[in-house]
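Overview (structure and organization)
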Number of protein chains: 2
Amino acid sequence: MNIGEAATESGLPAKTLRYYEDIGLVTPRRSDNGYRHYAEEDIHKLRFLQRARSLGFAIADCRTLLSLYEDTSRASSDVKSIATSHLDQVEIKIQELESLRKTLKHLISSCKGDHRPDCPILDDLSRSAKS
Amino acid sequence: MNIGEAATESGLPAKTLRYYEDIGLVTPRRSDNGYRHYAEEDIHKLRFLQRARSLGFAIADCRTLLSLYEDTSRASSDVKSIATSHLDQVEIKIQELESLRKTLKHLISSCKGDHRPDCPILDDLSRSAKS
DNA sequence: ATTCAACCTTCCAGTGACAGGAGGGTCAAG
DNA sequence: CTTGACCCTCCTGTCACTGGAAGGTTGAAT
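Taken together, the contact pairs 54 residues of chain B with 54 residues of chain A. Across the chain B/chain A interface, buried area totals approximately 4800 Å², and carbon plus sulfur atoms make up 71% of it. Linking chain B with chain A are four salt bridges. For A:Lys105, the salt bridge identified is with B:Glu91, shortest N-O distance 3.8 Å. On the surface where chain B and chain A come into contact, there are 20 residue pairs in polar contact (both at pLDDT 80 or more). Contributing elements (two or more residues each) for the side of chain B that touches chain A: α3 (40–54), α4 (59–70), α5 (76–109) and α6 (120–127) of chain B. For the side of chain B that touches chain A, the leading source of residues is α5(B), giving 21 residues.

Among the 19 residues in the neighbourhood of DNA strand C, the closest are listed as A:Lys15, A:Tyr20, A:Tyr35, B:Gly4 and B:Arg36. Backbone atoms, meaning sugar plus phosphate, form 68% of the atoms of DNA strand C positioned within 4 Å of the protein. Here a phosphate oxygen of DNA strand C and a backbone polar atom of B:Gly4 are 2.7 Å apart. B:Arg36 has a polar side-chain atom sitting 2.7 Å from a phosphate oxygen of DNA strand C. Secondary structure elements with two or more residues in the surface near DNA strand C: α2 (14–22) of chain A together with α1 (3–10) and α2 (14–22) of chain B. Considering every element that reaches the surface near DNA strand C, the biggest residue donor is α2(A), with four residues. In terms of residue class, the surface near DNA strand C is built from eight nonpolar, five polar and six charged.

Not every one of the 18 residues close to DNA strand D is listed here, only the nearest: A:Gly4, A:Arg36, B:Lys15, B:Tyr20 and B:Tyr35. Sugar and phosphate atoms form 70% of the subset of DNA strand D atoms that lie within 4 Å of the protein. In this structure, A:Ile3 approaches DNA strand D through a main-chain N or O atom, which is 3.5 Å from a phosphate oxygen. B:Arg53 is positioned with one of its side-chain polar atoms (N or O) 2.9 Å from a phosphate oxygen of DNA strand D. Those elements that provide at least two residues to the surface near DNA strand D are α1 (3–10) of chain A together with α2 of chain B. In terms of residue class, the surface near DNA strand D is made up of eight nonpolar, five polar and five charged.

Superposing chain B onto chain A takes a rotation of 180° plus a shift of 0.0 Å along the axis, which leaves an RMSD of 0.1 Å. The symmetry that links the two subunits is that of a two-fold axis. Considering only C-alpha atoms, the residue of chain B closest to the rotation axis is B:Ile94, which sits at 3.0 Å. Both copies contact each other with a shared surface, as 100% of the interface residues of chain B are interface residues in chain A too.

Inspection of the entire model under this criterion finds zero disulfides over all chains. Here A:Cys62 stays free of any disulfide, with the sulfur of B:Cys119 as its closest cysteine sulfur at 14 Å. For A:Cys62, a relative accessible area of 0% gives the class buried. Considering cysteine sulfurs only, A:Cys111 is the nearest to A:Cys119, which forms no disulfide, with 3.8 Å between them.

Within the secondary structure, B:Lys45 is located in helix α3. Given a relative accessible area of 18%, B:Lys45 falls into the buried group.

Reading the values: the criteria
- Residues numbered from 1 in each chain as written.
- Chains lettered and ligands numbered in written order.
- Predicted model: local features only at pLDDT ≥ 70, side-chain atom pairs only at ≥ 80, totals over all residues.
- Heavy atoms only, no water.
- Contact = heavy atoms within 4.5 Å.
- Buried area = accessible area lost by both parts, 1.4 Å probe.
- Salt bridge = Lys/Arg side-chain N within 4 Å of Asp/Glu carboxyl O.
- Polar contact = N/O pair within 3.5 Å; in protein donor to acceptor, adjacent residues only side chain to side chain.
- Helix = DSSP H or I, 4+ residues; strand = E, 2+ residues; numbered from the N terminus.
- Near = heavy atom within 4 Å.
- Nonpolar A, V, L, I, M, F, W, Y, C, P; charged D, E, K, R; others polar.
- Least-squares fit on C-alpha atoms with pLDDT ≥ 70 in both.
- Disulfide = S-S within 2.5 Å.
- Buried < 20%, exposed > 50% of the residue type's maximum accessible area, 1.4 Å probe, protein only.

In structure tokens, the structure reads:
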């Protein structure tokens, strides 16, 4: 299977497949003409990566997850700890963004948004950093 | 005021101040010895930027906000629309992350996390992308 | 006078995870 | 034999910095 079909099958852009080869994640064989040849196992890995990436795992995590996946004697606790750590990061990010949302909402609701120059948003940006 | 003190005053690293000069955000005068000399107005701008960046505004937005701030005949609606658009992005990101959190929590809770290899997390990564 | 630390300077490389594009080779159909 | 759809490598750009090398300046202590 050439890169184009592999891209379609995995749901990843061809550029990304080349990148994954560059960093040693999925290294397909080459045909005589130099084209990448993706075997079923490669497609499987690519789908695994597509799913893991869509869950927000970093490439480094994906690499570990993939090797754990291929290691049939792994401990599920190893996988769980990576996922838990990732979940922690996601929850921290959610907290930060919700705090941000609150501040932005407050600022926006206090701004009339008309043609006049008075703007509590700019006032905040200008003043609050001083204190 | 040299770059070090300006960094302390603004709450930004000196490296960032040099970067902001590179991209034309805040361009201090130079002393005879070639050192950057930050005037009070520059410090004010840097604080403005520090605050805007901490609210998650992109540099491009910060540039616009800064010019609006300096334009005393601006319309507050211009500022409000930037902030509203940013809030929209923040809320979209929160939605995405919450959906992610739900999926991760579900996967994690279904994984025993022991020494055995059975792992619903890996099963999901391996299978769900196929469908 | 010298030395030393603490500043400051410029410039180059790296981050993460790709995306865009130039310039060129390969293949199958008409 | 040409056309168009593929494929290849290599280089640059993204975003907002961060780290580091190599070297100049300053002010104070020795």
